Amino acid sequence: MTAVGIDAVEVWTGNLKLDLAETFAPEKGDDPEKYTKGLGLRASSFPDSYEDIVTMGANAAKRLMDRKGLTPDDIGRIDVATESSFDNSKPISTYIAGCLEQVYDGDFHHANKGERKFACIAGTQSVDDAYNWIRAGRNRGRSAIVVATDTALYARGDAGEATQGAGAVALLISEDPDLVEISTHQGYGSADETDFLKPNQQFPSVDGKRSVQVYLARMREALEDYESVAGDVHIDDFVYAPFHTPFPGMVRKAAALAYRHVTRDTGVEEELAEGIGRQPRRESFDDDAQYEEAVREYMDALKETGRYQDWYAAAVDPTLSIARDVGNWYTASVHLARVSALKTALEADRDVTGESMLVASYGSGAQAEIHGETVQDGWAEEIAALNIDEQVADRYDLSWAEYEEVHDRHNHDMDSELEEFTAPEAEFVFDGWGRMGERKYTYVE
Ligand code: CAA
């Protein structure tokens, strides 16, 4: 069977930055370590006044097309995943195609375009759609562009305000991919949940504590479902485990639970038992409360073991390196985690060709999906071509007053104008409104 997967990836961050320790924490009267250590975040990316989900997505897609030497004729699908859409009918993919048609000869008139919605998991679902289209043999030799793009803004004063972010990831899905091959094995955990939603409103209604529990419950279900098709997961089978990353502290919790699950009844559990005992089993306790207390104690002890810490440092921590500086990018977040992991490998001069990754996506409302990927031999060249470090370093560092202004600028219920903080260069910009209320865009050299 021909390999299908991610041929190339590109990343575009919002051009502004909100520093959580220096700017956010003092304003909230909080210890900066609540953010840097507790949530695991140093800063959030923010969109400048001329940026939105279309500009960021189109900019990432343009970098992708330029780097891979693609023309519109090479592309048979443009799928956009977002939970920040501003139109209930016209998909963001049409706006992005329109932007790209401004700068390339030819057009995307024969490319299928759509928009996927299921909170943060929609990016992975769009990759699935493209994968299935190729596997079904309907692609006529062409590739698909998947753009995951979001302005993850919360109402000011909401507990989620510390976990905002803005950015896009563009992925090229092709046969014989250079970056990763996607496995046919996948597992789902999905349930009707009311944890995080936007019922026709821009900023989310969030039950923060519950959202954390729902994330963990659906991930566990997805892992069990994955194991039912792919066989038991062994902790050392995967070089990296990129998770959906609303904030790194969330992944810290999920990784520990996943470790407990996959090491149960294995040699690793026996090895650990000498120091911390075996994992508690429900049947050994009279009631749920006692069992849950024993599990909490086991988890606390597990996280202190060298065996666990070494695994976490090798397989999970590298997936968080970009998220720490840019915050939550919703649909793009797990795809940024994959980039972070491979970028860490490249920087460490480690060859991960042929190694497997376990990729864990999540969307509120709620659904988790887990699948395997195999790193392909073009990965190092692909990752070396990214300029995400420069993009992150070049962001304008907002003061608190500026942050409030730019938040208002992007608030759909406020009619607030604002001069840009940065000068756009070689990128698409929002350029005002058309006669039917559509948003307009131009490419700035
Ligand atoms: N030093 C070190 N750590 C500190 C600290 C300090 N001074 N002060 C607090 N902390 C720790 C806390 O102990 C806590 O860590 P643990 O959970 O490991 O104990 C962490 O910092 C955060 O502190 P709080 O729980 O008190 O923070 P909060 O209640 O203000 O906000 C939140 C946390 C509810 C998750 C909030 O950020 C939120 O609502 N976020 C949006 C929802 C979200 O991201 N949910 C994640 C799952 S849903 C999802 O994944 C979809 C999505 O993308 C939105």
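Remember, predicted model here, so these are calculated numbers, not experimental data.

Quick look at the overall build of the chain now. Assigned secondary structure in the chain consists of 15 helices and 15 strands. Against the 2.2 N^0.38 benchmark of 22 Å for 445 residues, the chain shows a C-alpha radius of gyration of 22 Å, consistent with a compact globule. Dimensions of the chain along its principal axes, counting C-alpha atoms only, are 70 × 55 × 40 Å. Relative to its full complement of 445 residues, the chain shows a buried share of 58%. Looking at the chain alone, contacts between residues at least 24 apart form 77% of all its contacts between residues at least 6 apart. Carbon together with sulfur atoms contributes 44% to the accessible area of the chain, which is approximately 18600 Å² in total. Looking at charge distribution, the chain has the averaged site of its 43 positive side-chain charges lying 3 Å from that of its 85 negative ones.

Another aspect to go through is the site of the ligand. Neighbouring the ligand are 26 residues, the closest being Lys-34, Lys-209, Ser-211, Lys-253 and Asn-328. The side chain of Lys-34 places a nitrogen or oxygen atom 2.7 Å from an oxygen atom of the ligand. Here His-244 contributes a side-chain N or O atom positioned 2.9 Å from an oxygen atom of the ligand. Contact with the protein chains hides 72% of the accessible area of the ligand, taken as 1000 Å² for the molecule alone. Broken down by secondary-structure element, the contributors of at least two residues to the shell around the ligand are helix H2 (32-39), helix H6 (208-230) and helix H7 (248-263). By residue number, the principal contributor to the shell around the ligand is H2, which donates five residues.

Formed by 58 residues in total, the largest nonpolar core has its most connected members in Tyr-215, Met-219, Phe-243, Tyr-259, Tyr-308, Trp-311 and Ile-370. Per element, the largest residue contribution to this core is eight residues, and it comes from H6. Not counting chain neighbours up to four residues away, the residues in contact with Trp-311 comprise Ile-235, Ala-255, Tyr-259 and Val-316. Val-11, Tyr-240, Val-334 and Ile-383 belong to the second largest nonpolar core, which has 39 residues in total.

This part takes up the packing of aromatic side chains. Applying the stated criterion across every chain yields a total of 19 aromatic pairs. Ring geometry for Tyr-154 and Tyr-330: centres 6.4 Å apart, planes at 65 degrees, overall edge-to-face. Here Tyr-154, found in the loop between strand E6 (143-152) and strand E7 (165-175), pairs with Tyr-330, found in the loop between helix H11 (323-326) and helix H12 (333-347); they are 176 residues apart in sequence, far enough to count as distant. Pair check on accessibility: Tyr-154 and Tyr-330 agree, each one buried. Aromatic pair Phe-430 and Trp-433: ring centres 5.5 Å apart, planes at 75 degrees, arrangement edge-to-face.

With that settled, consider the packing of helix H3 (residues 53-68) against helix H4 (residues 92-103). The contact between H3 and H4 brings their axes to 9 Å, and the two run at 50 degrees. One element, H3, and the other, H4, form an angle in the oblique class. Crossing angle aside, the handedness with which H3 passes H4 is right-handed. From H3, Ile-53, Val-54, Gly-57, Ala-58, Ala-61, Lys-62 and Met-65 reach across to H4, where they touch Ile-92, Tyr-95, Ile-96, Cys-99, Leu-100 and Val-103. In terms of residue class, the contact of H3 with H4 is made up of eleven nonpolar, one polar and one charged.

The next subject is the pattern of salt bridges. Considering all chains together, one arrives at 31 salt bridges under this definition. Between Arg-218 and Glu-193 there is a salt bridge, and its shortest N-O distance comes to 2.4 Å. Taken together, the positions of Arg-218 in helix H6 and Glu-193 in the loop between strand E8 (180-190) and strand E9 (196-197) put the pair 25 residues apart, joining distant regions of the chain. Among the ionic pairs, Asp-265 bridges to Arg-278, the shortest N-O distance being 3.9 Å. Taken together, the residues Asp-265 in the loop between H7 and helix H8 (267-276) and Arg-278 in the loop between H8 and helix H9 (288-304) connect sequence positions 13 residues apart. Connected via shared salt-bridge partners are Glu-10, Arg-63, Arg-67, Lys-68, Asp-178 and Glu-382.

There is a patch of like positive charges on the surface, built from Lys-34, Lys-209, Arg-252, Lys-253 and Lys-303. Among the secondary structure elements, Lys-209 is positioned in helix H6.

On to the pairing of strand E15 (residues 439-444). Residues Arg-439, Tyr-441 and Tyr-443 of E15 are buried on one face, while the alternating residues Lys-440, Thr-442 and Val-444, pointing to the opposite face, are not. The pairing of strand E14 (residues 427-433) with E15 spans five bridges and is antiparallel. Note on E15: the bridge partner recorded for Glu-427 is Val-444.

Below, the discussion takes up the sheet that holds strand E1 (residues 4-13). Sheet strands line up and pair through hydrogen bonds in the backbone, either parallel or antiparallel. With mixed pairing, the eight strands of this open sheet are ordered in space as E5-E4-E6-E7-E1-E8-E12-E11. Of all strands in the sheet, those with a lone pairing partner are strand E5 (112-116) and strand E11 (356-363), marking the two edges. Each adjacent strand pair in this sheet contributes to an overall mean axis angle of 25 degrees, direction not counted. As judged from the eight bridges shared by E8 and strand E12 (residues 367-375), these two strands associate in the antiparallel manner. The partner of Glu-181 across the bridge, within E12, is Thr-374. Where H3 meets the sheet, it contacts E1, E6 and E7, and its direction lies at approximately 125 degrees from that of E1. Across the sheet, H12 lies against E1, E7, E8, E11 and E12, angled at about 155 degrees from E11, the strand it touches most.

What counts as what
- Note on numbering: residues in each chain are counted from 1, in written sequence order.
- With pLDDT at 70 or above as the cut-off, local features in this predicted model cover only qualifying residues; side-chain atom pairs require 80 or more to be listed or tallied, and sums for whole chains, interfaces and linings still use all residues.
- Hydrogen atoms and water are omitted, and side-chain values are computed over all heavy atoms in the structure.
- In DSSP terms, a helix is any run of H or I states spanning at least four residues, a strand is any run of E spanning at least two, and both are numbered starting from the N terminus.
- In this treatment the radius of gyration is a C-alpha quantity, and the globule benchmark scales as 2.2 Å times the residue count to the 0.38 power.
- Relative accessible area decides the class of each residue, using a 1.4 Å probe on protein chains only: under 20% of the type maximum gives buried, over 50% gives exposed, and in between gives partly exposed.
- Contacts between residues were defined by any pair of non-hydrogen atoms, one from each residue, lying within 4.5 Å.
- Each accessible area is a Shrake-Rupley estimate made with a 1.4 Å probe; only the visible protein chains count as cover when residues are assessed.
- Positive charges come from Lys and Arg alone, negative charges from Asp and Glu alone, with His and the N- and C-terminal ends not counted.
- All charge positions are set by atom: Lys at NZ, Arg at CZ, Asp at CG, Glu at CD.
- Neighbouring residues are identified by heavy atoms, a residue being near a molecule or strand if any of them is within 4 Å of it.
- Polar contact criterion, stated in full: a pair of N or O atoms within 3.5 Å, where within protein one must be able to donate a hydrogen and the other to accept it, and residues adjacent in sequence count only if both atoms are side-chain atoms.
- To define a nonpolar core, start from buried Ala, Val, Leu, Ile, Met, Phe, Trp, Tyr and Cys residues and group those joined through side-chain atoms within 4.5 Å.
- What counts as a ring pair is set by centres within 6.5 Å for rings of Phe, Tyr and Trp (its six-membered ring), and what kind of pair is set by the plane angle: stacked under 30 degrees, edge-to-face over 60, tilted for all other angles.
- Every axis in this analysis is a line fitted to C-alpha atoms, fitted for helices over the stretch in contact. Angles between the N-to-C directions lie between 0 and 180 degrees.
- Convention used here: angles under 35 degrees read as roughly parallel, angles over 145 as roughly antiparallel, angles from 65 to 115 as roughly perpendicular, and any remaining angle as oblique.
- What makes a crossing left-handed is the near helix being turned counterclockwise from the far one by less than a right angle; a clockwise turn instead makes it right-handed.
- The residue classification treats Ala, Val, Leu, Ile, Met, Phe, Trp, Tyr, Cys and Pro as nonpolar and Asp, Glu, Lys and Arg as charged. All others, Gly included, are polar.
- Each salt bridge in this description consists of a side-chain nitrogen of Lys or Arg and a carboxyl oxygen of Asp or Glu lying within 4 Å of one another.
- Here the term patch refers to residues with relative accessible area over 30% and no salt bridge, with like charges joined within 9 Å and nonpolar side chains (Val, Leu, Ile, Met, Phe, Trp, Tyr) within 5 Å.
- In short, DSSP must find at least two bridges between two strands for them to pair.

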